[in-house]
Structures are given as structure tokens and as C-alpha cells.
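Here's the letter readout for the chains.
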Amino acid sequence: MVVDPALTLGRLHAAQQEFYAGGQDGPLREVLCPDIAWHVPGASDIAGIYVGVDEVLAYFARRRDLADRTFQMQPAELLSGDGEHVATITHGQATIAGRREAWSTVGLYRLRGDRVAECRLLAFDQTEFDRIWTRRPEHTPPGHPDPAVYDRIGSGYTRHRQPDRRIAAAIHAGLGDRAPSSTWGRGRAPTSRPTGA
Amino acid sequence: MIAQRPPGSAPVIVGAAAALPLADATVDAAMATLSLHHWPDWRAGVAEMLRVARRRIVVFTWDNRFDRFWLTSEYLDWLADWDAERFPTMDELLTELPNPTVTAVPVPRDCTDGFLAAYYARPKAYLDPAVRQAMSIFALAPDPDRVAASLRALEDDLRSGAWDARHGSLRHSASIDAGYRLVATEL
């Protein structure tokens, strides 16, 4: 059976829209393969690999709740070739933690019959996507870093906070190294060692 | 900050200093560089470093009792007072560590890591908003209007030559001690 990918993805997007607005999950279950795998790269609160319909629906529910049902998707171009993969460009917007956010992604889908077997969600700007989809608690629980501070510091480090080789040497000496490492990162620590804090 | 690291950097685990997501004695060394003043409870963070490290603790920090350099003594003394409150004193920090050694770390004239004193010999750099934004004292400064006014005084002094009359020799110095200290403990 040859199914037009546009029809399958059209059903998927309509079902997502309905669910994100607070609707039922029935239409989504109808369009996802039982072994669906949904890949969300990055470091946000929603990043992960979700396998199976229940996990994927829980992921959708998390996005719906983070955006408090304001999440809207605008599917744009669909790109398809001869194989089982198709891609769609999608523009999203939502109000998250009181802030109007907008982003764009490529959804790279693998279809099986008239259902979706796999999705990889590839953000145009992964750093921005991660920021948008990471929740910032209004009150910092004890023992947790203050996200407000870490959101406000650290900008421009790539340009203005390059490790200094002489200070690096002093720190390496403190660590008991015989010689400074030649591979320093742009952060505040040598790339050769994991650091906490 | 994590996203700005180059490919191939060490693994990152996001966690809180006061509750490191590591088991006891699982790393050779625990290190914090110009970081303690951002922790809600620095003592709890140091206790966690002691818990997870097997051999060494290294803390690169700033001694808030040390004599200030020209920027923080002449132009931004009020902001430096605010910043100093965020750091533990050296005595307080040393109390939390067994057998610590303290080493002064001079700031080179052409320091490439733009922390607060890094541009002591390049005063014009402090007038660059991008340079300031990469320093937490400015990124978190409580009164941006007052910061701007303080920096206008610096700009005026640079233009008139008053700064060079007082501090121009710094432009040719190799380094200064601005109170940055490396505190190391062997466990």
C-alpha cells in the first residue's frame, strides 16, 4: 500500500494540534506505530528518546503542560524523496513562563504504511530550543543552583573568557600536574578533566 | 555556558554545588574556578567537593580582603562592596579545608580570560559592554544606571589623561596581584 506521506503527516499534525490545545489523545494513537521512537536531541527538559506510544504521548503531554496549552504548530514545507523518510519544516510558538517564544524545527520522519514509525526533531537553533523548553522555577529549591543567576552570567565567554595559559599553569600546578595540558576548553576548566559545580 | 564549550570538552553533568550528583570518592580532584560566589551555600559546596574527591581540592577564588585595584577602588567601589559580600573571606574558606595551601595567582597584563581584573592594564576594555557582560559582577550588577555613571568617570579620565597620569605605568607592567588565590588541599 502506497500512502501519500503528506496525508500521514497531515493526520499527525492535526492530532498534535488538537492534543496540545487540550484535546484527547485518540487521534494521536491512530497515527503512531506501536514501536514509535521519538528523538528529541539537546539538553532541554524535554530532551530524550521516547519509545512506544505511551512514552511519546507522555512527551507530548509534557510539552503541552510546559506551554500551558498555548503551543501552536505551523507545518510548512514537506520534503520527500524515494525512500521511507520524509522531512517537514515546522514553525512553533507558545507562551512559556509568561514569555512569547517562537522556534523552527525540521521533523525527520520515517513512515510505515499510514503511520509514523520514527521522528527526529532537529531544531534550527538547538541552543535557543533548549532555552525555550527548559523550565525555570520561580523559587529555587534549597540545594539547587539559582537558575536566574546562571541565566544572567556566562554570556560572551567564547570571545571574552578564553583560558589564560599562565593562570592555567597555576591551576594545573595546584592539581598536581607535571605540565599544563595543551588542550584547554573555552569554559572555566581544562578540557582534559571532568569538573563539578 | 555549557553550550559555549568547544567540541571535545570534558563531560558535563548538570547539578547543584551543594548536592553533587556523584558518589563518595569518585573523582581524583574537585575544582572550582571563580565559582564559589555564585553558590547559594558555598560551605555546603566545599563539603561536597571533599566528599567526592579522592586526592585533591583546588579552588581558584578571590580574596575579598585584598587591596583593590584601580577600577574597584576608584570607580566602582560601591559595586565592589556588593561583590565582595558574595565571596567567603579567605579565613572562612581555609577553615573548611584540611591543610590548605594558598598561592597568589598574578593577573598577566594581557590576560585572555576576561574576569574582573583581567584588563587592569587595558582600561578602555571596561567601556565595552560585551567585555563587561562576560563578567558576572557586571552581568548581575544591582544598579546599571550607577554602573554607567561610574564608567563615564573612567571614560572622562581616559580622555583627559588623568587615568594615565595615575596608573599609566600599569600598561607596561608584566602582571599585578589583584587578590586572586589558588587554594589547594591534598587529601
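All figures in this text were calculated on a predicted structure; none of them were measured in a lab.

Criteria and thresholds
Residues numbered from 1 in each chain as written. Chains lettered and ligands numbered in written order. Predicted model: local features only at pLDDT ≥ 70, side-chain atom pairs only at ≥ 80, totals over all residues. Helix = DSSP H or I, 4+ residues; strand = E, 2+ residues; numbered from the N terminus. Contact = placed C-beta atoms within 7 Å. Buried ≥ 20, exposed ≤ 12 C-beta atoms within 10 Å, placed from the backbone. Pairing = 2+ DSSP bridges. Right-handed = clockwise from strand over helix to strand, strands pointing away. Nonpolar A, V, L, I, M, F, W, Y, C, P; charged D, E, K, R; others polar. Core = buried A, V, L, I, M, F, W, Y, C linked by C-beta atoms within 7 Å. Axes fitted to C-alpha atoms, helices over the stretch in contact; angles between N-to-C directions. Expected span 1.5 Å × (residues − 1). pLDDT = per-residue confidence, 0-100.

## Let's talk about the overall build of chain A
Then step 1. Along the backbone of chain A there are seven helices and six strands.
Then step 2. In sequence order, chain A lays out its α and β elements as α-α-β-β-α-β-β-β-β-α-α-α-α.
Then step 3. Partitioning the contacts of chain A with sequence separation of at least 6, the portion at a separation of at least 24 is 44%.

## Describing the overall build of chain B
Then step 1. The secondary structure content of chain B amounts to eight helices and six strands.
Then step 2. Buried residues in chain B amount to 35% of all 187 residues.
Then step 3. Summarising the internal contacts of chain B: among those between residues at least 6 apart in sequence, 75% fall at separations of at least 24.

## Some points on the pairing of strand S1 (residues 27-33) of chain B
Strand residues, when the strand is regular, have side chains that alternate between the two faces of the sheet.
All names here are of chain B.
Then step 1. Along S1, five of the seven residues are buried, which leaves the element largely enclosed by surrounding structure.
Then step 2. Bridge count between S1 and strand S2 (residues 53-62): six bridges; the pairing is parallel. Paired with Thr33 across the two strands is Phe60, which belongs to S2.
Then step 3. Following the chain from S1 across helix H1 (residues 42-52) to the adjacent parallel S2, one finds a crossover that is right-handed.

## Remarks on the interface of chain B and chain A
How big an interface is tends to be reported as the loss of accessible area on association of its parts.
Then step 1. With 48 residues of chain B in contact, the opposing surface of chain A contributes 38 residues.
Then step 2. Those elements giving two or more residues to the side of chain B that touches chain A turn out to be S1, H1, S2, helix H5 (129-133), helix H6 (136-139) and strand S6 (180-186) of chain B.
Then step 3. At six residues, the largest contribution of residues to the side of chain B that touches chain A is made by S1(B).
Then step 4. Residues of the side of chain B that touches chain A, tallied by class, amount to 32 nonpolar, 13 polar and three charged.

## A look at the pairing of strand S1 (residues 32-40) of chain A
Then step 1. For S1(A) and strand S6 (residues 115-123) of chain A, the ladder comprises four bridges, and the chain directions are parallel. Bridging from a neighbouring strand, A:Ala37 pairs with A:Glu118 of S6(A).

## Observations regarding the nonpolar core
Then step 1. Counting residues in hydrophobic clusters, the biggest one holds 51 residues, and the most contacted among them are A:Ile171, B:Val58, B:Val59, B:Val107, B:Ala117 and B:Leu182.
Then step 2. Of all elements in the fold, only helix H7 (165-175) of chain A together with S1, H1, S2, helix H2 (70-75), H6 and S6 of chain B reach the threshold of two or more residues within this core.
Then step 3. Excluding its chain neighbours within four sequence positions, the residues that come into contact with B:Leu182 are A:Ala170, A:Ile171, A:Gly174, B:Val58, B:Phe60, B:Thr103 and B:Val105.
Then step 4. Membership of the second largest hydrophobic core comes to 26 residues, among which are A:Ala15, A:Phe19, A:Tyr20 and A:Leu28.

## Observations concerning unusual backbone geometry
Peptide bonds are, in most cases, trans, and in most cases residues other than glycine have a negative phi.
All names here are of chain B.
Then step 1. Backbone geometry places Leu34, a non-glycine residue, at a positive phi of 45°.
Then step 2. Turning to its location among the elements, Leu34 is positioned in the loop between S1 and H1.
Then step 3. Of note, the phi angle at Asn99 is positive, near 45°, even though the residue is not glycine.
Then step 4. Among the structural elements, Asn99 can be located in the loop between helix H4 (90-95) and strand S3 (100-104).

## Notes on the sheet that holds strand S5 (residues 99-112) of chain A
Through backbone hydrogen bonds, the strands of a sheet pair up, either in parallel or in antiparallel fashion.
Residues and elements named next belong to chain A.
Then step 1. Ordered in space as S2-S1-S6-S5-S4-S3, the six strands form an open sheet in which the pairing is mixed. The two strands at the open ends of the sheet, each matched to only one other strand, are strand S2 (48-51) and strand S3 (72-80). Looking at each pair of strands side by side, their axes are set apart by 20° on average, direction ignored.
Then step 2. With respect to the sheet, helix H1 (residues 5-20) is in contact with S3, strand S4 (85-96), S5 and S6, its orientation differing from that of S3 by roughly 165°.

## Observations regarding the sheet that holds S6(B)
Residues and elements named next belong to chain B.
Then step 1. The four strands lie next to each other as S1-S2-S6-S3, forming an open sheet whose pairing is mixed. A strand with exactly one partner marks an edge of an open sheet, and here the two such strands are S1 and S3. Sheet twist, expressed as the average angle between the axes of neighbouring strands with direction ignored, equals 15°.
Then step 2. Inspection of the sheet shows S3 paired to S6 by five bridges, in the antiparallel sense. Within S6, the position partnered with Ala104 by the bridge is Arg181.

## Description of the environment of A:Val40
All names here are of chain A.
Then step 1. Within the secondary structure, Val40 is located in strand S1.
Then step 2. Sequence spacing of Val40 and Ala123 is 83 residues, and the spatial spacing of their C-alpha atoms is 9.1 Å.
Then step 3. Ignoring anything within four residues of it in the chain, the contact list for Val40 reads Ile46, Ala47, Gly48 and Leu121.

## Details of helix H7 (residues 144-160) of chain B
Then step 1. With 17 residues, H7(B) ought to run about 24 Å at 1.5 Å a step, and its terminal C-alpha atoms sit 24 Å apart, in line with that.
Then step 2. B:Gly161 occupies a position one or two residues after H7(B) and carries a positive phi of about 90°.

## Here we look at the confidence of the model for chain B
Then step 1. Residues at a pLDDT of 70 or more form 100% of chain B, whose mean pLDDT is 93.
Then step 2. On the interface metric, ipTM, the complex scores 0.93, and its pTM is 0.59.

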